[in-house]
Amino acid sequence: MDTIFSKIISGEIPCEKIYEDDHVFAFLDIIPTNPGHTLVVPKKWSSDLLDTDEETLKRLIVVVQKIAKAVMEATGAVGVNVAQNNREGAGQKVFHLHFHVIPRFEGDGYEHWHGKPYENGEEKLVGEKIRKML
Ligand code: 5GP
């Protein structure tokens, strides 16, 4: 599958490369939430988390941890968010699995998702539905 990230991995499109091994590639996001915002992607294409094989996921998450530590140390961040969008409905724009590693700074203005409490009994029903799908 040809995506902008496949072209970055192959070198066809330039990037600020941070890390590469046989299976994983990491580079700076072109429009960062904060400086140091890094994308970690598998070389083997999959669209998102839901269609990715376990071996690829295991390899990726180990690199995500490595990058998160390096980004924090390099930028002096006070924390790091690892974010991941799946499907258009969740805001995914590039359909090549990727993890965002986002360093956080005091007062950087980044907003978390907002929560809303369950209605009476709803929690149990939702829980049951999800457990049935496992
Ligand atoms: P998504 O919304 O799919 O989770 O995020 C895609 C990310 O890819 C965005 O944060 C966007 O800034 C980044 N991005 C899109 N095109 C390019 C590009 O050509 N180069 C780099 N380095 N990042 C890109």
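All values derive from a computational prediction rather than experimental measurement.

**Description of the site of the ligand**
Moving on, step 1. In the vicinity of the ligand there are 16 residues, among which Leu28, Asp29, Lys93, His98 and His100 approach most closely.
Moving on, step 2. Contacts to the ligand include Ile30, whose backbone N or O atom sits 3.2 Å from a nitrogen atom.
Moving on, step 3. Within the contact set of the ligand, an oxygen atom lies 2.7 Å away from a side-chain nitrogen or oxygen of His98.
Moving on, step 4. Notes on the ligand: free accessible area 520 Å², of which the protein chains cover 83%.
Moving on, step 5. Listing elements by their share of the shell around the ligand, those giving two or more residues are helix 1 (4-10) and strand 2 (24-28).
Moving on, step 6. Among the elements that line the shell around the ligand, the one with the most residues is helix 1, at three residues.
Moving on, step 7. Split by residue class, the shell around the ligand holds nine nonpolar, five polar and two charged.

**Considerations on the nonpolar core**
Moving on, step 1. Grouped together as the largest cluster of nonpolar side chains are 12 residues: Val24, Ala26, Val40, Leu60, Val63, Val64, Ile67, Ala68, Val71, Leu97, Phe99 and Val101.
Moving on, step 2. Looking at this core, the elements with two or more residues in it are strand 2, helix 2 (54-75) and strand 5 (99-104).
Moving on, step 3. The contacts of Ile67, once residues within four sequence positions are left out, are Ile18, Tyr19, Ala26, Thr38, Val40 and Val101.
Moving on, step 4. Residues Phe5, Ile9, Phe27 and Val94 belong to the second largest nonpolar core, which totals eight residues.

**So, the packing of aromatic side chains**
Any two aromatic rings considered together are summarised by their centre-to-centre distance and by the angle between their planes.
Moving on, step 1. Using the criterion set out here, one finds two aromatic pairs in the structure.
Moving on, step 2. Plain terms: the ring middles of Phe5 and Phe27 are 5.3 Å apart, the flat faces sit at 75° to each other, and that makes the pair edge-to-face. Of this pair, Phe5 sits in helix 1 while Phe27 sits in strand 2, and the two are 22 residues apart along the sequence.
Moving on, step 3. Residue Phe27 is classed as buried on the basis of its relative accessible area of 3%.

The rules behind the values
- All residue numbers refer to position in the chain's written sequence, counted from 1.
- Where local features are concerned, this predicted model is filtered to residues with pLDDT of at least 70; where side-chain atom pairs are given and counted, the filter is 80 or more; whole-chain, interface and lining totals use all residues.
- Only hydrogens and water are set aside; all other atoms, that is, all heavy atoms of the structure, feed into the side-chain values.
- A molecule or strand has a residue near it when one of that residue's heavy atoms lies within 4 Å.
- Two N or O atoms form a polar contact when they lie within 3.5 Å of each other; inside protein one atom must be a possible hydrogen donor and the other a possible acceptor, and for residues adjacent in sequence the pair counts only when both atoms belong to side chains.
- All accessible-area figures derive from a Shrake-Rupley calculation using a 1.4 Å probe, and residue coverage is judged against the displayed protein chains alone.
- The secondary structure listing takes helices from DSSP runs of H or I that are at least 4 residues long and strands from runs of E that are at least 2 residues long, numbered from the N terminus.
- Residue polarity is assigned by list, with Asp, Glu, Lys and Arg as charged and Ala, Val, Leu, Ile, Met, Phe, Trp, Tyr, Cys and Pro as nonpolar; anything else, Gly included, falls into the polar class.
- In plain words, nonpolar cores are sets of buried Ala, Val, Leu, Ile, Met, Phe, Trp, Tyr and Cys residues tied together by side-chain atoms within 4.5 Å.
- Exposure classes here rest on a 1.4 Å probe applied to the protein chains alone. A residue is buried below 20% of its type maximum, exposed above 50%, and partly exposed in between.
- Residue contacts are counted whenever heavy atoms from the two residues lie within 4.5 Å of one another.
- For this analysis, a ring pair means two rings from Phe, Tyr or Trp (six-membered ring only for Trp) whose centres lie within 6.5 Å, classed as stacked if their planes differ by under 30 degrees, edge-to-face if by over 60, and tilted for the remaining angles.

Geometric values such as these leave the question of function open.
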